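# Understanding the architecture of this molecule
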Amino acid sequence: MDPVDVVVVGSGFGGAAFCWRLANKAPKLRIVCLERGGWVDRKAMPSYRRDWQAASFGAWATPPNTRLKSGEKTQTADYPIDDTNSAFKPLMWNGVGGSTMTWAAHFPRLHPSDFKTKSLDGVGDDWPFDYFDLEPYYDENDAITGVAGLSGDPAYPPKPERRMPPIALGRLGAAAARGFDKLGWHWWPVDAAVNSAPFDGRAACNHCGPCLMGCPTGAKASVDVTYWPKAIKSGVELRPHSIVQQVDIEGGRATGVRYRDQAGNEVVQPASLVVVAGNGIGTARLLLASGLDSPALGRNLMFHPAAYLRANFDEEMDGPVGPVGCMLYSHEFYETDPARNFKRGVHIQVTRENSLLSMATRLGPPAWGEGAQQFLRKEFRHSMAVLVLAEDLPEAHNRVTLTDKVEADGLPGVKLDYTLSEHSRRSLDFGLDRGEEFLRAAGAASVLRIPLAPSTGWHLLGTARMGSDPAISVTDKEGRCHKVRNLMVADGSLFPTVGAVNPGSTIGALGLKLADGVARDAA
Amino acid sequence: MSFLAAVLDTLLPGDRAALPLPPGSGIGIEASDLPAEALAAIASEAGSEAAFEAASPATRTDILRRVEAKSPSVFQALLTAALMRYYQSDAVMTAMGWRTDPPQPKGRPLAATDAATWERLKKVKSRGRIWR
Ligand SMILES: Cc1cc2nc3c(=O)[nH]c(=O)nc-3n(C[C@H](O)[C@H](O)[C@H](O)COP(=O)(O)OP(=O)(O)OC[C@H]3O[C@@H](n4cnc5c(N)ncnc54)[C@H](O)[C@@H]3O)c2cc1C
Ligand code: SF4
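Residues numbered from 1 in each chain as written. Chains lettered and ligands numbered in written order. Predicted model: local features only at pLDDT ≥ 70, side-chain atom pairs only at ≥ 80, totals over all residues. Heavy atoms only, no water.

### Digging into the interface of chain B and chain A
On the side of chain A, 69 residues touch chain B, which itself brings 55 residues to the contact. Buried area between chain B and chain A, summed over both chains or domains, comes out near 5,100 Å², and the portion from carbon and sulfur atoms is 63%. Three residues stand out in chain B for area buried against chain A, namely Leu 110, Trp 131 and Arg 132 of chain B, and they jointly supply 17% of the buried area on that side. Viewed at the interface, chain A and chain B are joined by 7 salt bridges. As a salt-bridge pair, Asp 15 of chain B and Arg 377 of chain A come within 2.7 Å of each other at their nearest N and O atoms. (Contact = heavy atoms within 4.5 Å. Buried area = accessible area lost by both parts, 1.4 Å probe. Salt bridge = Lys/Arg side-chain N within 4 Å of Asp/Glu carboxyl O.)

Structure follows, in structure tokens:
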């Protein structure tokens, strides 16, 4: 292959934002993105089929391990992940668009305090820059993505006018607002990366429901429909079905990558700059397999520990309608309060109902028999779920490592070790107590606590963290590896700490910021 | 009642609501839709298929509970297969008060945010900054 200026591994949120920005800021650079999976054909998405509910247990399940087990093939090129020793099971999509293909598109920013946990609260680490350094990139990322929401939220510094009005809150939202109002707590409609009106050539959301099985209308801003068409138009070459096996490193410099193409041939792609954006597991796996010498690599894996409350109401709600994760949230307890037995805070989010089949297959209470059917009768179209997300702090023993096995994709196997800390447990318990208090105030007839929700490994963060000390960080604040300066990381692996909110908007903003650094150096 | 119907109706007895949920045996689930290993485990726990068929509903429930405790993954596979067929059937969706057409291309109606909710939000806004 002819040498290129920049090769990017992974077309998910970080990779897409990075490629688009760099192509626009440094148009002379030749940029190639290698993506292990393919493009999804929206017409083939399950939501058009009568058996759509079953797809979330097979080819469109959110855990890659479940998809692999199902044996059904789509455009995600998954690899097995040994998660037996992890409290949370990893979720991701390995095709063009990365995990945004199946994300819920809830689009919060981190708070300013999230960038300074060490100096403010004596825990975690400070980021090498702050909220206000990232703010212009958040704004730019919002503008490309298209955000439905409402400005004026007192939980955040002022944000630009949201491009579209918030997604309809429905009956569920009205009941939730009532509850928060009664307690005098903060609540606000979420920022959603979902079109509430036509935007950028994409349709408005028609509230079909199962966003986690891909959005057939394109209303949900996955990066295959936001950044990628623009990046390709700006000259980026995206090569799907290209599984990168190794970053070649010689004498402290990356010389390019080796990948397996769709036909199974090994291709060498020389490049002046290699950028890895394979997510918190894929990036660590590839860099460990490439022999990058960095003691923090693969360590400090963070997920955002999650717990749930499920409440039944006598009144009728909306049913499984509307973008499931995009409704409203409370940051009443997001910031540190010295009166609590933990530092930092919790994110409390009210979510919409899942499909009938998903609700029926939750394990209890009870799982089958008359009691199960009667419970479901009471729950379906009458329930409100509250998701509690906590901030897990970086801990070196929570990590991604390689196994001795070589997997079918040619790379070494990958294993997770993650235990829930006492600190996280205290945060979750506090969040569950507050969530229950809220649900009772909203009028819930019954409340069920799910103290830990293992199948919520949506956020894969921290395994190639930024920092200034090579002993405890993998890259500098520009995303460049301390030991191999022309090898960069541009995804969620970079987070030194994670706040307690979803990371997508920060990953996109970070991708843009890092690209500006490269463009500056190239000028 | 056949062995298969006895198993299905123990898992999914249905109800007598105004729009009744059909029993598990009432929506055309075949033995081939379910894992044979699980059906065999139930027959073996009961002594035979006929013994399970002849047992009272309470005894059948006990037998399934014992299989669930002894072979959780085998039992789970049976339950998931039965639930998948049952809760995707038109009869059940309708009895649950839901629609049978897929989510697309028509989408679903969702009530707009009401005036009282917007009014409540004004109070939140007036609190002023809560971030640090
Ligand atoms: C079900 C689900 C729901 C979610 N909901 C939300 C939400 O509501 N809000 C939010 O902010 N976040 C959400 N997330 C998380 C969000 O999608 C991710 O944090 C984000 O997409 C991560 O961006 P990334 O660039 O780090 O990695 P990804 O988007 O995962 O992209 C990594 C890409 O790299 C590719 N890759 C990996 N290894 C290789 C290799 N060796 N060769 C070639 N290509 C490779 C992968 O195929 C993949 O396409 C959700 C995630 C999931 C799975
Ligand atoms: S609910 Fe809206 S955003 Fe979600 S999949 Fe349906 S159309 Fe797309």
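### Considering the sheet that holds strand β13 (residues 399-406) of chain A
Residue and element names in this part refer to chain A. Strand order in the open sheet formed by 3 strands is β3-β14-β13, and the pairing between neighbours is mixed. Each end of this open sheet is capped by a strand with a single partner; those strands are β3 (81-86) and β13. The average undirected angle you get between the axes of adjacent strands in this sheet is 25°. In this structure, β3 lies alongside strand β14 (residues 412-418), joined through 4 bridges in parallel fashion. Bridged to Ile 81 within β14 is Val 414. In the packing of helix α7 (residues 279-289) onto the sheet, the strands contacted are β3, β13 and β14, and the crossing angle to β13 comes to about 60°. (Pairing = 2+ DSSP bridges. Helix = DSSP H or I, 4+ residues; strand = E, 2+ residues; numbered from the N terminus. Axes fitted to C-alpha atoms, helices over the stretch in contact; angles between N-to-C directions.)

### Remarks on the site of ligand 2
As a structural note, the neighbourhood of ligand 2 is formed by 13 residues, with Cys 205, Cys 208, Gly 209, Cys 211 and Cys 215 of chain A the closest of them. Proximal residues around ligand 2 fall on chains A and B, making this an inter-chain site. Residues of the shell around ligand 2, tallied by class, amount to 6 nonpolar, 6 polar and 1 charged. (Near = heavy atom within 4 Å. Nonpolar A, V, L, I, M, F, W, Y, C, P; charged D, E, K, R; others polar.)

### Details of the sheet that holds strand β12 (residues 383-390) of chain A
Residue and element names in this part refer to chain A. Pairing within the open sheet is antiparallel, and its 6 strands lie in the order β4-β10-β11-β12-β9-β15. The sheet is open, and its two borders are formed by β4 (188-189) and β15 (446-450), each paired with just one other strand. Pairing of strand β10 (residues 328-330) with strand β11 (residues 346-351) involves 3 bridges; the strand directions are antiparallel. Residue pairing in the sheet places Leu 328 in a bridge with Val 350 of β11. Against the sheet, helix α5 (residues 170-183) makes contact with β10, β11 and β12, and its axis sits at roughly 15° relative to β10, the strand it touches most.

### Let's talk about the layout of surface pockets
Residue and element names in this part refer to chain A. Estimated volume of the second largest pocket: approximately 530 Å³. What lines the second largest pocket is a set of 24 residues, and nearest its centre among them are Lys 73, Thr 76, Ala 77, Asp 78 and Ile 243. Split by residue class, the lining of the second largest pocket holds 7 nonpolar, 8 polar and 9 charged. (1 Å grid on protein atoms, 1.4 Å probe; cavity = no way out; pocket = protein on both sides within 12 Å on 5 of 7 lines; lining within 4 Å. Points joined across faces, edges and corners; volume = space filled by probe spheres on them.)

### A closer look at the packing of α5 of chain A against helix α10 (residues 422-442) of chain A
Residues and elements named next belong to chain A. Two numbers describe how α5 lies on α10: the axes approach to 7 Å, and their chain directions differ by 110°. Viewed along their axes, α5 and α10 adopt a mutual orientation that is roughly perpendicular. Along its contact with α5, which presents Ala 175, Ala 176, Arg 178, Gly 179, Phe 180, Lys 182 and Leu 183, the element α10 presents Glu 437, Phe 438, Ala 441 and Ala 442. (Parallel < 35°, antiparallel > 145°, perpendicular 65-115°, else oblique.)

### Here we look at unusual backbone geometry
The omega angle of the peptide bond from Gln 104 of chain B to Pro 105 of chain B is 10°, so this bond is cis rather than trans. Along the polypeptide, Pro 105 of chain B turns up in the loop between α6 (90-95) and α7 (115-126). Phi is positive for His 241 of chain A, close to 55°, though the residue is something other than glycine. With respect to the helices and strands, the residue His 241 of chain A is situated in the loop between β5 (237-239) and β6 (243-250). Even without being a glycine, Arg 344 of chain A presents a positive backbone phi close to 70°.

### A look at the pattern of salt bridges
Side-chain pairing between opposite charges can occur once the charged atoms of the two side chains come close. Counting across every chain of the model gives 51 salt bridges over all chains. The partner of Asp 142 of chain A in a salt bridge is Arg 162 of chain A, with the nearest N and O atoms 2.8 Å apart. In this pair, Asp 142 of chain A is assigned in helix α4 (residues 131-145) and Arg 162 of chain A in the loop between α4 and α5, connecting sequence segments 20 residues apart. Comparing Asp 142 of chain A with Arg 162 of chain A, the two get one shared label, buried. The closest approach of N and O atoms between Asp 101 of chain B and Arg 108 of chain B, which form a salt bridge, is 3.3 Å. Arg 108 of chain B gets classed as buried once you look at its relative accessible area, which sits at 5%. One network of salt bridges, in which partners are shared, links Arg 109, Asp 139, Asp 142, Lys 159, Arg 162 and Asp 191 of chain A. (Buried < 20%, exposed > 50% of the residue type's maximum accessible area, 1.4 Å probe, protein only.)

### Points about the packing of aromatic side chains
Counting across every chain of the model gives 25 aromatic pairs over all chains. Ring geometry for Phe 88 of chain A versus Phe 303 of chain A: centroids 5.7 Å apart, planes at 55°, classification tilted. Separated by 215 residues along the polypeptide, Phe 88 of chain A in the loop between β3 and α3 (117-121) and Phe 303 of chain A in the loop between α7 and β9 (306-312) bring together distant segments of the chain. Across the pair, exposure class does not vary: Phe 88 of chain A and Phe 303 of chain A are buried alike. Centroid distance Phe 132 of chain A to Trp 131 of chain B: 6.3 Å. Interplanar angle 50°. Geometry classified as tilted. Taken together, the positions of Phe 132 of chain A in helix α4 and Trp 131 of chain B in the segment after α7 put the pair across two chains. Given the relative accessible area of 41%, Phe 132 of chain A is considered partly exposed. Ring pairs connect the aromatic residues Phe 115, Trp 127, Phe 129, Tyr 131, Phe 132, Tyr 138 and Phe 495 of chain A together with Trp 131 of chain B, which therefore count as one cluster. Its guanidinium or amino end placed over the ring of Phe 52 of chain B, Arg 60 of chain B lies 6.0 Å from that ring's centre, counting from NZ or CZ. (Phe/Tyr/Trp six-rings, centres within 6.5 Å; stacked < 30°, edge-to-face > 60°. Lys NZ or Arg CZ within 6 Å of the ring centre and 35° of its normal.)

### Some words on helix α4 (residues 57-70) of chain B
Residues and elements named next belong to chain B. Taking 1.5 Å per residue as the helical rise, α4 with its 14 residues ought to reach 20 Å, and the 20 Å between its terminal C-alpha atoms agrees with that figure. Looking at α4, one finds that the buried residues are Arg 60, Ile 63, Leu 64 and Val 67. Buried residues of α4 fall within an arc of 95° about the axis and therefore sit on the same side. Away from its buried face by more than 90 degrees, α4 exposes Ala 58 and Ala 69. (Expected span 1.5 Å × (residues − 1). Arc of directions from axis to C-beta.)

### Concerning the site of ligand 1
Residues and elements named next belong to chain A. As a matter of local geometry, ligand 1 sits amid 36 residues, with Gly 14, Glu 35, Ser 99, His 106 and Gly 504 nearest to it. Here an oxygen atom of ligand 1 sits 2.8 Å away from a polar atom, N or O, in the main chain of Gly 14. Glu 35 is positioned such that a nitrogen or oxygen atom in its side chain is 2.7 Å from an oxygen atom of ligand 1. Taking 990 Å² as the accessible area of ligand 1 by itself, protein coverage stands at 98%. Looking at the shell around ligand 1, the elements with two or more residues in it are α1 (13-25), β6 and α11 (504-522). In terms of residue class, the shell around ligand 1 is made up of 15 nonpolar, 18 polar and 3 charged. (Polar contact = N/O pair within 3.5 Å; in protein donor to acceptor, adjacent residues only side chain to side chain. Areas by Shrake-Rupley, 256 points an atom, 1.4 Å probe, with all protein chains shown as cover.)

### A look at the pairing of β11 of chain A
Residue and element names in this part refer to chain A. Most of β11 is tucked away: 6 of the 6 residues are buried. Side-chain alternation along β11 places Val 346, Ile 348 and Val 350 on one buried face and His 347, Gln 349 and Thr 351 on a second face that is also buried. The sheet contact formed by β11 and β12 spans 6 bridges and is antiparallel. Looking at the pairing, His 347 lines up with Leu 389 of β12.

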